[in-house]
Amino acid sequence: MNERRKFVPGVYLVGAGPGDPGLITLRGAQLLGAAEVCIYDHLVHPALLDLLPPECDRVFAGKSAGRFKTGQDDITDMLIEYGRTNRIVVRLKGGDPFVFGRGGEEMIALTAAGLHCEVVPGVTSGAAAPAYAGIPVTHRNLTSMVVFVTGHEDPAKQDSAVDWRLLARLRATLCVYMGVSRCGDIVRELIDGGLDPATPAACVERGTQPGQRQLRCAAADLPARMESAGIDSPAMIVIGAVAAVEGFENWFTGKPLFGQRVIITRAAGQASELAGMVEELGAQVLRMPAIEIQPIPAREAMEQALNAIRPGDVLVWTSPNGARRTAELLEAMGRDIRAFAGCLTAAVGPSTARALKEHTGLIADLLPGEDFRGEGVLKALIGRLQSPANLWLFQAREASRTLPEGLKAAGHHVHELVLYQNVEPEFDLDAFEQAADDPHTWALFTSSSTARNFMDLLVRRGHDPEDAPIRAVSIGPVTSETLRELGVEPAAEAHPSTLQGLVEALVRAVQRRKE
Ligand code: SAH
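Because the structure is a prediction, the values reported are computed rather than measured.

A.B. asks: Honestly, the site of the ligand in this entry has me stumped. Any pointers?
C.D. replies: Surveying the vicinity of the ligand reveals 20 residues, the closest of which are V99, T124, S125, G207 and A235. A distance of 2.9 Å separates a nitrogen atom of the ligand from a polar backbone atom of G94. With respect to the ligand, the side chain of T124 contributes an N or O atom lying 2.6 Å from an oxygen atom. Look at the ligand: alone it shows 550 Å² of surface, and the protein chains cover 92% of it.

A.B. asks: Looking at this structure, how should I read the domain arrangement of the protein?
C.D. replies: Interfaces are frequently sized by the accessible area removed from exposure as the parts join. Split by domain assignment, the protein resolves into domain 1 (3-123), domain 2 (127-244), domain 3 (261-291 + 426-514) and domain 4 (298-422). Summarising the inter-unit geometry, the C-alpha centres of domain 1 and domain 3 are found 35 Å apart.

A.B. asks: I'm lost on the pattern of salt bridges in this one. Help?
C.D. replies: Note that side chains of opposite charge can pair when their charged atoms are close. For the structure shown, the criterion picks out 23 salt bridges. Put simply, R452 and E485 hold a salt bridge, and the shortest N to O gap is 3.6 Å. Taken together, the positions of R452 in helix 17 (residues 448-460) and E485 in helix 18 (residues 477-485) put the pair 33 residues apart, joining distant regions of the chain. By sharing partners, the salt bridges in this structure join D41, R91, K93 and E106 into a single network.

A.B. asks: I keep staring at the sheet that holds strand 16 (residues 390-396) and nothing clicks. Help me out?
C.D. replies: Pairing between sheet strands relies on hydrogen bonds along the backbone, with the strands arranged either parallel or antiparallel. Spatial strand order, 13-17-16-14-15: 5 strands in an open sheet with mixed pairing. Of all strands in the sheet, those bounded by a partner on one side alone are strand 13 (292-295) and strand 15 (344-347). When strand polarity is set aside, the average angle formed by the axes of neighbouring strands in this sheet is 25°. With 4 bridges joining them, strand 14 (residues 314-317) and strand 16 adopt parallel strand pairing. Bridge pairing in strand 16 links V316 to L393.

A.B. asks: Teacher, can you tell me more about the nonpolar core here?
C.D. replies: The nonpolar side chains of a soluble globular protein tend to be buried with one another. W164, L167, L190, C203, L222, I237 and I239 are the most contacted members of the largest nonpolar core, which totals 25 residues. Taken together, the elements giving at least two residues each to this core come down to strand 6 (146-150), helix 7 (164-168), strand 7 (173-177), helix 8 (183-192), strand 8 (200-205), strand 9 (213-218), helix 9 (222-229) and strand 10 (235-239). The contact partners of L222, leaving out residues within four places of it in the chain, are C183, A201, A202, C203, L215, C217 and I237. Listed in part, the 24 residues of the second largest apolar core include I264, A275, V503 and V507.

Cut-offs and rules
Residues numbered from 1 in each chain as written. Predicted model: local features only at pLDDT ≥ 70, side-chain atom pairs only at ≥ 80, totals over all residues. Heavy atoms only, no water. Near = heavy atom within 4 Å. Polar contact = N/O pair within 3.5 Å; in protein donor to acceptor, adjacent residues only side chain to side chain. Areas by Shrake-Rupley, 256 points an atom, 1.4 Å probe, with all protein chains shown as cover. Domains from an automatic or database assignment. Salt bridge = Lys/Arg side-chain N within 4 Å of Asp/Glu carboxyl O. Helix = DSSP H or I, 4+ residues; strand = E, 2+ residues; numbered from the N terminus. Pairing = 2+ DSSP bridges. Axes fitted to C-alpha atoms, helices over the stretch in contact; angles between N-to-C directions. Core = buried A, V, L, I, M, F, W, Y, C linked by side-chain atoms within 4.5 Å. Buried < 20%, exposed > 50% of the residue type's maximum accessible area, 1.4 Å probe, protein only. Contact = heavy atoms within 4.5 Å.

Here you go:
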């Protein structure tokens with residue numbers, strides 16, 4: 001919200017960077033967080049769209065090469081139209097907006113239409129893709145000049161805008177954008193123009209992304225090598241002495257989880273820490289939450305509760321999400337934890353206690369010794385309280401009945417506040433089965449309940465676990481046991497049972513398979 005106030009309404013041409021979502025600029029990310037409309041291209045990573053506020057309008061303006069040749073005018077018209085709505089409009093473009101991104105045309109048209117327009121440069125693929133393949137585009141001893149050039153045009157065309165024969169004599173690093181389909185013609189023109197056929201060359205496909213592929217050879221051999229490797233767009237062609245710089249060509253593709261796909265089954269709000277950890281090691285993350293948490297509008301019930309809660313009452317949280325929702329509701333109502341002053345607080349287990357502390361600042365007075373379920377906290381409460389006590393439970397619609405029924409049976413007054421519910425998320429079974437078919441795909445399970453929810457979801461959607469075995473990695477013995485009960489033998493198990501341990505177990509499993 002604060003971010004939004006900082007930007008004036010208008011159209012912002014934002015460079016999304018070359019693919020790795022971490023390579024967007026800070027200003028670009030802030031603008032995404034503030035956007036009211038976002039118009040994006042097909043090369044843009046979905047994780048960047050996750051930065052948009054939920055209420056932001058998302059407009060796909062995909063112009064896959066050659067498919068809609070006249071699309072640019074429509075896009076420019078659309079930008080002008082959105083620009084006139086007096087909102088923060090983000091036009092998100094791959095790489096840098098002004099490097100073969102037609103951002104220049106858009107800016108001219110928007111400014112001519114009298115709109116406020118700004119550009120946020122991005123990391124262009126001509127620099128980033130070579131870098132991720134260990135190629136510095138300049139190097140003091142090798143070359144002092146870089147040319148960003150499009151390979152889109154027919155090089156043999158009489159009035160071609162690119163004079164390849166001239167480029168051949170520059171001794172510059174040539175970074176050729178959009179050059180995959182015409183690579184043969186380009187190299188021929190260069191060699192005809194005097195380029196040494198043995199000049200080092202490289203090609204980087206999907207640079208900075210989990211599927212990056214790279215190859216190096218003499219310029220003369222490049223078209224054939226690209227052809228036989230099946231290189232496809234987007235790819236960057238690099239021609240020049242720097243393409244022979246050796247020693248760190250695998251700094252990116254050599255990461256321990258590079259080339260692996262990892263399915264994360266935690267609920268969306270809890271998945272990002274784990275996703276970040278495996279992405280940092282080079283893996284591609286597929287988010288397939290088994291459960292989605294949906295807030296229930298509980299403001300009225302909460303208001304009544306706040307009016308009724310008295311010092312000495314007992315407040316019980318049975319899940320981290322319940323704690324988070326409590327904090328959200330308090331904030332939305334303009335209240336704070338003084339509403340709970342003088343109450344005894346209880347949490348079902350350590351992660352709920354942690355979430356309670358993090359979101360509300362409250363410390364749990366009471367925590368079961370070992371059994372972190374309804375039974376455990378019930379026992380702890382009954383041991384501690386004299387009846388009749390006044391208890392308030394902050395929980396999910398699906399919460400187990402053990403706790404409220406047990407408390408009532410012990411003679412206490414129980415008030416239940418239902419703050420959220422678990423709903424079945426959208427789930428693409430085809431995408432899952434396709435991924436599971438690939439031996440480089442792993443599924444991470446962080447608890448018995450996610451394992452159970454996930455397998456239930458698969459079976460409900462018609463998946464036969466016998467058909468496509470899942471390479472599962474489990475967070476510990478309890479989750480492993482649940483997986484076995486569900487017919488899945490875990491490929492690896494974490495020691496210790498932490499997210500870090502889970503990631504290490506995955507890395508070990510990947511290494512074992514490579515050996
Ligand atoms: N504005 C973009 C370029 C758009 S033109 C930028 O500054 O990067 C599209 C071309 O960019 C593709 O054909 C390809 O040559 C190159 N490109 C874009 N993303 C790439 C990537 N991740 N790896 C290699 N080349 C890429």
